[in-house]
Amino acid sequence: QYVLSGSDDMNVRIWKARASQQMGQLLPREQKKQDYLNALKKRFAGTAEIKKITRHRHLPKALLNSKKRKVEAVDKQRRKDKNRRKYTKP
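Residues numbered from 1 in each chain as written. Predicted model: local features only at pLDDT ≥ 70, side-chain atom pairs only at ≥ 80, totals over all residues. Heavy atoms only, no water.

Draft legend 1. A look at the overall build of the protein chain. Scanning the protein chain from N- to C-terminus turns up three helices and two strands. Helices and strands in the protein chain line up, N terminus first, as β-β-α-α-α. Against the globule reference of 12 Å for 90 residues, the protein chain gives a C-alpha radius of gyration of 23 Å, more extended than a compact globule. Counting only residues that meet the buried cut, the protein chain has 0% of its 90 residues in that class. When the accessible surface of the protein chain is split by element, carbon and sulfur atoms take 56% of a total near 9500 Å². Here the protein chain contributes 27 positively and 8 negatively charged side chains, and the mean placements of these two sets differ by 6 Å. (Helix = DSSP H or I, 4+ residues; strand = E, 2+ residues; numbered from the N terminus. Rg over C-alpha atoms; globule rule 2.2 N^0.38 Å. Buried < 20%, exposed > 50% of the residue type's maximum accessible area, 1.4 Å probe, protein only. Areas by Shrake-Rupley, 256 points an atom, 1.4 Å probe, with all protein chains shown as cover. Lys, Arg positive; Asp, Glu negative; His and termini not counted. Charge placed at Lys NZ, Arg CZ, Asp CG, Glu CD.)

Quick look at the structure:
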């Protein structure tokens, strides 16, 4: 259900093992649906489509874009440093 992690600065964090799982009590109808979906995932676990779905992790667009901008900035800086070393007289 939960994963505990600790750090050097004495912080302990509690994480949900399945981030998309709803917390709290489920209605009987919702519980039946979850059981059914889990049974389907288990039954067809060998197919490529289900493997792809289980591996997929949704990342919000804002985070995805910020990650992309950061990678571009790091690449830009690396390229700039490489060119500076290459074309600067010793």
